[in-house]
Amino acid sequence: MPILNKISTQEKVDFVRNLSLLVRSGAPIDQSFGVLAEQASPSMKKLLVDGKKKVEKGTSVSEVFANNANFDGVFISFIKAGEESGTLSENLEYLADWLDGNNTLEKEISSATLYPKIIVTFAGIMGLILALWVLPSMVQVFKTLDVDLPFTTVILLNVANAVDTYPLEIILAIILIIAFVVILFQIKAFKRLFYKVILRTPVIGPLLKDYELAIIAQLGAVLLKSGTSIGRVFDVLADSASNYEYKDAITDISERVKKGTSLVEALRGYPKLFPSIFSSVVAVGEETGSLGHSFGYLSHFFTNRVKDKTAKLPTVIEPLLLVCIGLFVAFIAAAIIMPIYEVTKGLY
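Residue positions are given per chain, counting from 1 as you read along its sequence in written order. Thresholds applied to this predicted model are a pLDDT of at least 70 for local features of residues and 80 or more for the giving and counting of side-chain atom pairs; totals over whole chains, interfaces and linings are not thresholded and use all residues. Hydrogens and water are ignored here; the side-chain numbers use all heavy atoms of the structure.

(A) Expanded view of the pattern of salt bridges. Counted as salt bridges are all cases of a side-chain nitrogen of Lys or Arg within 4 Å of a carboxyl oxygen of Asp or Glu. Taken as a whole and judged by the stated rule, the model has 10 salt bridges. Here Glu93 makes a salt bridge to Arg17, at a shortest N to O gap of 3.2 Å. Here the residue Glu93 occupies a position in helix 6 (residues 88-112), and Arg17 occupies one in helix 1 (residues 9-24), the gap between them amounting to 76 residues. Here Lys46 makes a salt bridge to Asp50, at a shortest N to O gap of 3.3 Å. With Lys46 and Asp50 both in helix 3 (residues 42-56) and 4 residues apart, the pair spans about one turn of that helix. In the salt-bridge network here, residues are joined through shared partners; they are Arg17, Glu93, Asp97 and Asp100. Note on conventions: DSSP H or I runs of at least 4 residues are helices, E runs of at least 2 residues are strands, and numbering of each starts at the N terminus.

(B) Structural detail: empty space enclosed by the protein. With a 1 Å grid laid over protein atoms only, a set of points is called a cavity when a 1.4 Å probe fits there but cannot get out and a pocket when it is open yet has protein on both sides within 12 Å along at least five of seven lines; lining residues have an atom within 4 Å of a point. Grid points are joined across faces, edges and corners, and a volume is the space filled by probe spheres set on the points. Throughout the structure, instances matching the rule amount to 1 cavity of 30 Å³ or more. If you trace the largest cavity, you find it lined by Glu212, Ile215, Ile216, Leu219, Leu237, Ser240, Ala241 and Ser242. Those elements giving two or more residues to the lining of the largest cavity turn out to be helix 11 (204-225) and helix 12 (230-240). The element best represented in the lining of the largest cavity is helix 11, accounting for 4 residues. Here the nonpolar group is Ala, Val, Leu, Ile, Met, Phe, Trp, Tyr, Cys and Pro; Asp, Glu, Lys and Arg are the charged ones; every other residue, Gly included, is treated as polar. Class assignment for the residues of the lining of the largest cavity results in 5 nonpolar, 2 polar and 1 charged.

(C) Structural view of helix 13 (residues 244-258). Here, expected helix span is obtained from the residue count minus one, scaled by 1.5 Å. With 15 residues, helix 13 ought to run about 21 Å at 1.5 Å a step, and its terminal C-alpha atoms sit 21 Å apart, in line with that. Listed as buried for helix 13 are Tyr244, Glu245, Tyr246, Lys247, Ala249, Ile250, Ile253, Ser254 and Val257. Here, two residues are considered to be in contact whenever any of their heavy atoms come within 4.5 Å of each other. Packed against the buried residues of helix 13 are helix 10 (188-198), helix 11, helix 12 and helix 14 (263-267). Whenever two N or O atoms come within 3.5 Å, that pair is a polar contact, provided that in protein one can donate a hydrogen and the other can accept it, and provided that, for residues adjacent in sequence, both atoms are side-chain atoms. Sitting at the amino-terminal end of helix 13 is Asn243, which places a side-chain oxygen 2.9 Å from the backbone nitrogen of Glu245. Categorising residues by exposure relies on relative accessible area from a 1.4 Å probe, with only protein chains included: less than 20% of the type maximum marks a residue as buried, more than 50% marks it as exposed, and the intermediate range marks it as partly exposed.

(D) Inspection of the side chain of Ser62 at higher detail. Inspection of the secondary structure puts Ser62 in helix 4 (residues 61-66). The class of Ser62 is buried, set by a relative accessible area of 6%. Ignoring any residue separated from it by four or fewer positions in sequence, one finds Ser62 in contact with Ile76, Ile79, Lys80 and Glu83.

(E) Here's a closer look at helix 6. With 25 residues, helix 6 should cover 36 Å at 1.5 Å per step; its first-to-last C-alpha distance of 36 Å lies within 8% of that length. Every buried residue of helix 6 is listed here: Leu88, Ser89, Asn91, Leu92, Tyr94, Leu95, Ala96, Trp98, Leu99, Asn102, Asn103 and Leu105.

(F) Main features of the packing of aromatic side chains. In summary, the pairing rule links any two rings of Phe, Tyr or Trp, Trp by its six-membered ring, whose centres are within 6.5 Å, and it sorts them by plane angle into stacked for under 30 degrees, edge-to-face for over 60 and tilted for everything else. Counted according to the given criterion, the structure contains 15 aromatic pairs. Relative to Phe65, the ring of Phe15 lies with its centre 5.7 Å away and its plane at 55°, an arrangement referred to as tilted. You can see Phe15 sitting in helix 1 and its partner Phe65 sitting in helix 4, a full 50 residues away along the chain. You'll find Phe15 and Phe65 in the same group, each marked buried. Ring geometry for Phe301 versus Phe302: centroids 5.0 Å apart, planes at 85°, classification edge-to-face. An aromatic cluster is defined as three or more aromatic residues linked by ring pairs; in this entry it consists of Tyr246, Phe274, Phe278, Phe295, Phe301 and Phe302. Lying over the aromatic face of Phe71, Lys12 brings its terminal NZ or CZ to 5.4 Å of the ring centre. We count a charge as sitting over a ring when the NZ of a lysine or the CZ of an arginine lies within 6 Å of the ring centre and within 35 degrees of the ring normal.

(G) Region of the structure containing the side chain of Glu245. Within the fold, Glu245 resides in helix 13. Beyond its immediate sequence surroundings of up to four residues, Glu245 is in contact with Tyr195, Lys196, Leu199, Arg200 and Leu273.

(H) Main features of the layout of surface pockets. Its volume calculated, the largest pocket comes out at about 880 Å³. Breaking the lining of the largest pocket down by element, the ones donating at least two residues are helix 1, helix 3, helix 4, helix 5 (73-85), helix 6, helix 11 and helix 12. Residue classes in the lining of the largest pocket are distributed as 14 nonpolar, 12 polar and 10 charged. In this structure, the second largest pocket occupies an estimated 280 Å³ of space. Lining the second largest pocket are 14 residues, with Ile109, Ile204, Leu207, Leu208 and Tyr211 sitting closest to its centre. For the lining of the second largest pocket, the elements supplying multiple residues, two or more each, are helix 10, helix 11 and helix 16 (291-346). Residue contributions to the lining of the second largest pocket peak at 5 residues, all from helix 11.

Written out as C-alpha cells, the structure is:
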C-alpha cells in the first residue's frame with residue numbers, strides 16, 4: 001500500500017545530500033546505494049537494495065526512481081539532467097536545496113493554519129458526541145413535555161430521531177459522499193473547474209497564486225542554476241504544477257518558448273496567473289542574461305509574501321470560525337433550553 005511505503009520529505013533530503021557527497025567523493029552509484037541502504041527506513045531500504053541491483057545491470061539512476069510513487073517528475077528531472085550533463089553530484093545538491101526549501105514552506109503554512117484546524121476538529125467531535133449520545137437521550141425528555149416545541153427543537157429532535165433510527169444508513173451515506181468527492185477529483189475536467197474557481201475566491205485565491213508563483217520561481221531558479229535549458233525548465237515546471245490552471249498555462253508557455261517566443265511575451269499572455277511584477281523581473285533577466293538570478297529574486301519575493309499572508313490567515317479565519325461555532329452553540333442551547341423554559345414558566 002502507498003501509505004505504508006511512504007518516504008518522508010526529510011528522508012529524501014538526507015538521502016539526496018548523502019548520495020551527492022558519496023558521488024562527489026568518487027564512490028560508484030551501486031556502492032553508494034548499498035551504503036545508504038544500511039541507514040534507511042524499510043521503504044527506502046527496499047528501494048535502494050533493488051536499485052543497487054538495477055544499476056549493476058546498467059539501469060540509470062533516474063530510472064531507478066521513475067516508477068516509484070514517492071518521487072515526482074521534479075525529482076526525476078533533476079537526476080536525469082545531472083546524468084545527461086555529467087553533473088550528477090551538483091544536481092543532487094540543487095535537488096536537496098529545492099526539497100528542503102519546499103518542505104520548509106509547506107511546514108510554515110501548516111503551522112500557521114494549525115489553530116483553525118484544531119477548532120474545526122473540536123467542533124466536529126462535539127457535533128458527533130451530540131448526535132450519537134446527547135440528542136438521543138433528549139428525545140424521550142422532550143416527548144414528555146406538554147408544550148408546543150419551538151422550531152429549533154423540532155429540527156433537533158428530527159436529527160436525533162434520524163441518528164437513532166438510521167445510524168448505519170447515515171454512516172453509509174457519509175462514506176458514499178466521501179467516495180463520490182474522491183472520484184470527482186480523479187476527473188481532470190472537474191479538477192480544472194475546481195482550481196479555476198478556487199483561484200478566484202477571496203483570501204484563499206491570492207494566497208494560492210502566490211504559493212504557486214513561489215514554487216515556480218524556486219524550482220526555476222534551481223533548474224537554471226543547474227544548467228537546464230529554459231525549454232526543459234518549463235517542461236519540468238508543467239509536470240510539477242499542482243494547480244491545473246498553472247499546469248495548462250506553463251505547458252503553453254513552454255511550447256511558445258520552444259517556437260521562438262520570448263519568455264516574457266509568453267508570460268504576459270497570462271496576466272491573471274503571472275502578475276506584471278513577475279513578468280517584469282523576468283524581462284530584466286532575459287535582457288541581461290541573468291534569468292536564473294531573476295527567478296531567485298522572484299522566489300525570495302513570493303516566498304516572503306506567502307509567509308506574510310499565511311501568518312495573517314488565522315486573523316481572517318478565526319473570527320469566521322468563532323461566529324459559526326457560536327451560532328451552532330446558540331442553536332443547540334435554544335433548542336434545549338426553550339422547551340424547559342416554557343414548562344417552568346407554566347408552573348408559576
